[in-house]
Amino acid sequence: MCRVHAPRTCSIPVRLVGDRIGSNRKVTTMATGTSHSNFVRDTKRAVTRRVRELREQEQSALEEYAAALIGVQMAAHALTLARQRCEQAKQAARKAGNPAALIRATERMVNDQLSNAPDSSPSDDSHTGDSDALAVAEEGRHGDGEDGR
């Protein structure tokens, strides 16, 4: 037999049941032959599998973080673009002859409508008192409240 597959022995002082105190015996520490090789192989496989699983979990968590970070960055970019479009539309509304009071009343109406929504979605069609502010601002556009025709 080769040295790898030979039974391993050691001469550690061991007291077995029924032995006299201080007797030295050679004790076999591992199973012999191919069962030892199988044990080592199976142990290596189990450890390698667990390490691989840990790496997969780490990789998966890192990929999820990267996806979330990309989503945040894309949302920030979309918000910047939306603000630019809003500012351009506001300038176009001013150039079209809408007074600043009407534009401000429209901003207040939109902000109040969105803040009063229970689920913070703009789909709620309920009206608030800001429609009165919009009417007042519209009247101010025509001067003294008359139709101006």
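These figures come from a predicted structure and were not determined experimentally.

**Some thoughts on the overall build of the protein**
Next up, step 1: Along its length, the protein carries three helices and two strands.
Next up, step 2: Helices and strands appear in the protein in the N-to-C order β-β-α-α-α.
Next up, step 3: Sequence-distant contacts, at least 24 apart, represent 34% of the contacts inside the protein between residues at least 6 apart.
Next up, step 4: When the accessible surface of the protein is split by element, carbon and sulfur atoms take 56% of a total near 12300 Å².

**A closer look at the confidence of the model for the protein**
Low pLDDT means the predicted coordinates in that region are not meant to be read closely.
Next up, step 1: The pLDDT averaged across the protein works out to 75; a share of 56% of its residues lies at or above 70.
Next up, step 2: Counting interchain partners and residues more than four positions distant, the pLDDT-below-50 stretch residues 144-149 has two contacts.

**Focus: helix α2 (residues 100-116)**
Next up, step 1: With 17 residues, α2 extends 24 Å from end C-alpha to end C-alpha; this agrees with the ideal 24 Å at 1.5 Å per step.
Next up, step 2: Taken as a whole, α2 has its buried residues at L102, I103, A105 and Q113. The buried side chains of α2 occupy one side of the element, clustering within an arc of 160° when seen end-on.

**Overview of the pattern of salt bridges**
Next up, step 1: Counted under the stated rule, the structure contains three salt bridges.
Next up, step 2: For the salt bridge of D42 with R41, the shortest nitrogen-to-oxygen distance reads 3.2 Å.
Next up, step 3: D42 sits in the partly exposed class, given a relative accessible area of 39%.
Next up, step 4: Here R50 and E53 are joined by a salt bridge, their closest N and O atoms 3.5 Å apart. Of the two residues, R50 and E53 are both situated in helix α1 (residues 34-95); the distance of three residues between them amounts to about one turn of the helix.

**Quick notes on a positive patch on the surface**
Next up, step 1: A contiguous patch of positive charge on the surface is contributed by R45, R49, R52 and R55.
Next up, step 2: With respect to the secondary-structure elements, R45 resides in helix α1.

Reading the values: the criteria
- Position numbers for residues count from 1 along each chain, tracking the sequence in the order it is written.
- This being a predicted model, a pLDDT of at least 70 is required before a residue's local features are given, and a value of 80 or more before pairs of side-chain atoms are given or counted; all residues contribute to the totals for chains, interfaces and linings.
- Values shown for side chains rest on all heavy atoms present in the structure; no hydrogens or waters enter the calculation.
- Secondary structure elements follow DSSP: runs of H or I no shorter than four residues count as helices, runs of E no shorter than two count as strands, and numbering proceeds from the N terminus.
- Residue contacts are counted whenever heavy atoms from the two residues lie within 4.5 Å of one another.
- Residue-level accessible areas treat just the shown protein chains as cover; the underlying method is Shrake-Rupley with a 1.4 Å probe.
- As a per-residue measure, pLDDT reflects the predictor's confidence and takes values from 0 up to 100.
- Take the number of residues in a helix, subtract one, and multiply by 1.5 Å to get its expected span.
- Each residue gets one of three labels from its accessible area relative to the maximum for its type: buried under 20%, exposed over 50%, partly exposed in between, using a 1.4 Å probe on protein chains only.
- Directions drawn from the helix axis to the C-beta atoms are what define this arc.
- When a carboxyl oxygen of Asp or Glu lies within 4 Å of a side-chain nitrogen of Lys or Arg, that pair is called a salt bridge.
- Within the patch definition used here, like charges are joined within 9 Å and nonpolar side chains (Val, Leu, Ile, Met, Phe, Trp, Tyr) within 5 Å, considering only residues with over 30% relative accessible area and no salt bridge.
- Positive charge is attributed to Lys and Arg, negative charge to Asp and Glu, and no charge count is given to His or to the chain ends.
- In this description, the location of a charge corresponds to atom NZ of lysine, CZ of arginine, CG of aspartate or CD of glutamate.

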